[in-house]
Amino acid sequence: ANGHRWCSEAVSLLCRRDEAETLRPMMMLFHLRRRFYLLRAGTGIQQAWTSSSCFFKDPSSSSSSGLVLQSQSTDVFQNLALEDWIDAHLDLQQRSILLLWRNRPAIVIGRHQNPWTECNMPAMRRAMIPLARRRSGGGTVYHDLGNLNLTFFASKKAYDRQRNLKVVTEALRRVCPELDVQATDRFDILLNGHYKISGTASRLSRKSSYHHCTLLHSADRSALSSLLRPSCTGIQSNATPSVPSPVANLTDHAPSLQWEELLEALVQQYNSEFGLTSALTPVCPSDESLFPGVGNMEAELRSWEWTFGKTPKFRVETELELRDEQLAAGCSAYLHMEVKNGLVESCRMDIPANWLPLRLSSTLSEVLLGEQFCPHRAAAALTVFLRSESGQLHRRLCNLCEVLLAVMG
């Protein structure tokens, strides 16, 4: 207000040339005051940034030695990167943290899983649903805004999954006493002794740990069942397989359960269980001022090299059904392929010689060597090869390539 008043006075004085000498000191005073206001505001911004940084770096800044954070992002890669950042950068020896987060539709696989055996990638591409690989073990899960994720951070010594699940079950009993919810020896949570409403995964580092679990509130179960099915048959691998279970939403049995009361109950129960007095604090997981370097972590999680390249080595042994306009019944071929780091390491196709000359099947196999086990990249490599033939052989090669790309999902 003072600044505006000084501006008005200055403008009026500009119109009076005979008072130029009076204007000069008043304008100087205006600039001095304006500079003072800006400096004071800048100090406030700097103080806010400093206190926020200390909030995450200094356990003594939280009298209860605990934090309850709620991510303001619904991007699966940002939220997984925030988990990694907290685990890598915060001292969890004297402080525990609970992170609550939700994602837009996404499929999340475990660290040691094979995406081609876990999820329907063609359907995911059509629906524009991303695939993410987390750093913890465990099975594949479907996320959407009807699913709540909880991550319990603690020291390795304080790692206790049953105690964490007790927070969830007791919170549910608080808001919905009529629900029968129990944690199992597999660290799942069952509703009515049969329906899975929560699954678990965890990661142990040298000194720290985190345990995260899902909680199905009102997820799209039709999407869940249609997307969590294999893309490719005939895969032989030592990758960790998921264990299918019948699932249910909390709202299937407690339709009036609202997100706000569920979150409030979880925060209260977490504080009660661990003797804390933490309030729910919103955070932006892409905020580099709070989480320096988190963007690089997010970029790695988005990369093909991490999502697919970290798949344990596997082998594909499958039959290929081929068409031919001159053969009413068509014919069969057999694919033998080994994939390492997501790349085709070896490839052999047993194709009847009267359907395709051996030279062409051998050349086709060689074209795929070193390529990503991915329909888009393989298609680009095969397109050049297809130009080398015409007529009936070209049509048969096109059919063979189409079947091969389908195997890759």
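Residues numbered from 1 in each chain as written. Predicted model: local features only at pLDDT ≥ 70, side-chain atom pairs only at ≥ 80, totals over all residues. Heavy atoms only, no water.

For the protein chain, the name recorded in an unreviewed UniProt entry is BPL/LPL catalytic domain-containing protein, with Ameca splendens as its organism. For the protein chain, the Sequence similarities (unreviewed entry) comment in UniProt is given as "Belongs to the LplA family." (UniProt positions renumbered as here; feature names shortened; annotations may be inferred.)

K.L.:
How do you make sense of the overall build of the protein chain when you look at a structure like this?
P.N.:
A count of helical and extended segments in the protein chain gives 14 helices and 16 strands. For the protein chain, the proportion of its 409 residues judged to be buried stands at 47%. Within the structure as shown, the protein chain displays about 20300 Å² of accessible surface, and the carbon and sulfur contribution to it stands at 53%. (Helix = DSSP H or I, 4+ residues; strand = E, 2+ residues; numbered from the N terminus. Buried < 20%, exposed > 50% of the residue type's maximum accessible area, 1.4 Å probe, protein only. Areas by Shrake-Rupley, 256 points an atom, 1.4 Å probe, with all protein chains shown as cover.)

K.L.:
I tried to follow the packing of helix 12 (residues 358-368) against helix 14 (residues 391-407) on my own but got confused; where do I start?
P.N.:
For any two helices packed against each other, the geometry comes down to the angle between their axes and how far apart the axes lie. At a minimum axis separation of 12 Å, helix 12 and helix 14 run at an interaxial angle of 40°. Taken together, the axis directions place helix 12 and helix 14 in an arrangement best described as oblique. Note on packing geometry: the crossing formed by helix 12 with helix 14 is right-handed. On helix 14, the residues that touch R359, L360, L364 and L368 of helix 12 are L393, L397, L400, C401 and L404. Partitioned by chemical class, the residues of the contact of helix 12 with helix 14 number eight nonpolar, no polar and one charged. (Axes fitted to C-alpha atoms, helices over the stretch in contact; angles between N-to-C directions. Parallel < 35°, antiparallel > 145°, perpendicular 65-115°, else oblique. Left-handed = near helix turned anticlockwise from the far one by under 90°. Contact = heavy atoms within 4.5 Å. Nonpolar A, V, L, I, M, F, W, Y, C, P; charged D, E, K, R; others polar.)

K.L.:
It is not clear to me how helix 9 (residues 259-274) should be interpreted in this structure. Could you clarify?
P.N.:
In an α-helix, one turn spans 3.6 residues; hence positions three or four apart end up facing the same way. If you check helix 9, its first and last C-alpha atoms are 23 Å apart, about what 16 residues at 1.5 Å a residue would give, namely 22 Å. Buried residues of helix 9: W259, L262, L263, A265, L266, V267, Q269, Y270, N271 and E273, and no others. On its buried side, helix 9 packs onto strand 1 (66-71), strand 2 (96-101), strand 6 (147-155), helix 6 (161-175), strand 11 (208-216) and strand 13 (280-283). Looking one or two residues beyond helix 9, the residue adopting positive phi is G275, at roughly 65°. (Expected span 1.5 Å × (residues − 1).)

K.L.:
I'm lost on unusual backbone geometry in this one. Help?
P.N.:
When glycine is set aside, most residues are seen to have a negative phi, and most peptide bonds are trans. One non-glycine residue, M128, lies in positive phi territory at about 55°. Of the residues examined, M128 reaches a relative accessible area of 74% and is grouped as exposed. The backbone phi angle of F187 is positive, close to 65°, even though this residue is not glycine. Structurally, F187 is set in the loop between strand 7 (181-183) and strand 8 (189-191). When its relative accessible area of 18% is taken as the criterion, F187 is described as buried.

K.L.:
I would appreciate a short explanation of the side chain of H143 in the present structure.
P.N.:
Residue position: H143 is located in strand 5 (residues 141-143). For H143, a relative accessible area of 3% translates into the label buried. At 2.9 Å, the side chain of H143 forms a polar contact with the side chain of N103. Those residues in contact with H143, other than ones at most four positions away along the chain, are W101, N103, R104, P105, A106, V108, N149 and T214. (Polar contact = N/O pair within 3.5 Å; in protein donor to acceptor, adjacent residues only side chain to side chain.)

K.L.:
What should I look at first to understand the packing of helix 12 against helix 13 (residues 375-386) in this one?
P.N.:
Running from N to C, helix 12 and helix 13 point in directions that differ by 140°, and their axes come no closer than 9 Å. Comparing the axis directions of helix 12 and helix 13 gives the class oblique. The handedness of the crossing between helix 12 and helix 13 comes out as right-handed. Contact residues: L360, T363, L364, V367 and L368 in helix 12; A378, A381, L382 and F385 in helix 13.

K.L.:
What am I meant to see in the nonpolar core here?
P.N.:
Generally speaking, soluble globular proteins have nonpolar side chains that are buried together. In terms of nonpolar packing, the biggest core is built from 48 residues, with M337, F373 and L400 touching the most fellow members. Here the element with the most residues in this core is helix 14; it accounts for six residues. M337 has contacts with F314, R315, V316, V344, S346, C347, L368, F373 and M408, leaving out every residue within four places of it along the chain. (Core = buried A, V, L, I, M, F, W, Y, C linked by side-chain atoms within 4.5 Å.)

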